[in-house]
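# Understanding the architecture of this molecule
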Amino acid sequence: MVKHTGRPGYLQIADDLRAQIRGGALAPGSPLPSTAQLAEEYDASLSVVKMAVGILRNEGVVIGQQGKGVFVRDQTEAPPAGDLAGEVAELRTAVLDLSARLAKVEEQLATSTARRPSRGSR
């Protein structure tokens, strides 16, 4: 639960998750609970939880896998801070995935629009 100490809730959550990872309660490769589960556990909003997880991602403590979740990164395999090539590769993968998903949505939209009668013909 986030305490009213004056320290932002997202930092408190990030600190607690980091401590669980370092303490072994969340082992390398294991998934973090969902954003909704974390929000309930910490009695915080989804946006606060997302900010906390974002901090851990930026630190390289966890890694997100599109459509699968967020997982504890094996710290022995973590890229060194400032590994620009690794970050670019991760961004490239995300962009390719988003491009494919956007193409599907556009295709579905075009199909549904083509089947819909125009307003003037009603």
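Source: prediction; values computed, not measured.

Under the definition given, this model contains four salt bridges. Here Arg18 makes a salt bridge to Asp15, at a shortest N to O gap of 2.8 Å. With Arg18 and Asp15 both in helix α1 (residues 9-23) and three residues apart, this pair spans about one turn of that helix. Between Arg18 and Glu59 there is a salt bridge, and its shortest N-O distance comes to 2.9 Å. Placement of Arg18 in helix α1 and of Glu59 in helix α3 (residues 46-59) is noted, with a sequence separation of 41 residues between them. Judged by relative accessible area, Glu59 falls into the partly exposed class, the value being 42%.

Time to look at α1. Think of an α-helix as 3.6 residues a turn; residues three or four steps apart then line up on the same face. Between its first and last C-alpha, α1 extends 21 Å over 15 residues, near the 21 Å set by a 1.5 Å rise per residue. Three or more residues of α1 are buried, namely Gly9, Gln12, Ile13, Ala14, Leu17, Arg18 and Ile21. Where α1 is buried, its residues touch α2 (35-42), α3, β1 (62-65) and β2 (69-72). One or two steps after α1, the chain reaches Gly24, where phi turns positive at roughly 95°.

Moving on to unusual backbone geometry. The phi dihedral of Asp43 is positive, around 50°, even though this residue is not glycine. Looking at the element boundaries, Asp43 is found in the loop between α2 and α3. You can call Asp43 exposed: its relative accessible area is 56%.

Moving on, we get to α3. Here α3 is 14 residues long and its end C-alpha atoms lie 20 Å apart, about the 20 Å a rise of 1.5 Å per residue gives. Listing the buried residues of α3 in full gives Val49, Ala52, Val53, Ile55 and Leu56. Down the axis of α3, the smallest arc covering the buried residues is 145°, so these residues share one side. Opposite the packed face of α3, turned more than 90 degrees from it, sit the exposed residues Lys50 and Asn58. Where α3 is buried, its residues meet α1, α2, β1 and β2.

The next thing to look at is the confidence of the model for the protein chain. Looking at the protein chain, pLDDT values average 85 and 85% of them are 70 or higher. Element-level mean pLDDT values for the protein chain span from 81 in helix α4 (residues 84-115) up to 95 in α2.

Here the focus is the packing of α1 against α2. Helix-helix packing is characterised by the crossing angle of the two axes and by the distance between the axes. In contact at an axis separation of 12 Å, α1 and α2 are set at 105° when each is read in the N-to-C sense. By the criterion of interaxial angle, the relationship of α1 to α2 is roughly perpendicular. Contacts between α1 and α2 involve Ile13, Asp16, Leu17 and Gln20 from the former and Leu38, Glu41 and Tyr42 from the latter. Broken down by class, the residue content of the contact of α1 with α2 amounts to four nonpolar, one polar and two charged.

Thresholds, definitions, all that
- Residues numbered from 1 in each chain as written.
- Predicted model: local features only at pLDDT ≥ 70, side-chain atom pairs only at ≥ 80, totals over all residues.
- Heavy atoms only, no water.
- Salt bridge = Lys/Arg side-chain N within 4 Å of Asp/Glu carboxyl O.
- Helix = DSSP H or I, 4+ residues; strand = E, 2+ residues; numbered from the N terminus.
- Buried < 20%, exposed > 50% of the residue type's maximum accessible area, 1.4 Å probe, protein only.
- Expected span 1.5 Å × (residues − 1).
- Contact = heavy atoms within 4.5 Å.
- Arc of directions from axis to C-beta.
- pLDDT = per-residue confidence, 0-100.
- Axes fitted to C-alpha atoms, helices over the stretch in contact; angles between N-to-C directions.
- Parallel < 35°, antiparallel > 145°, perpendicular 65-115°, else oblique.
- Nonpolar A, V, L, I, M, F, W, Y, C, P; charged D, E, K, R; others polar.

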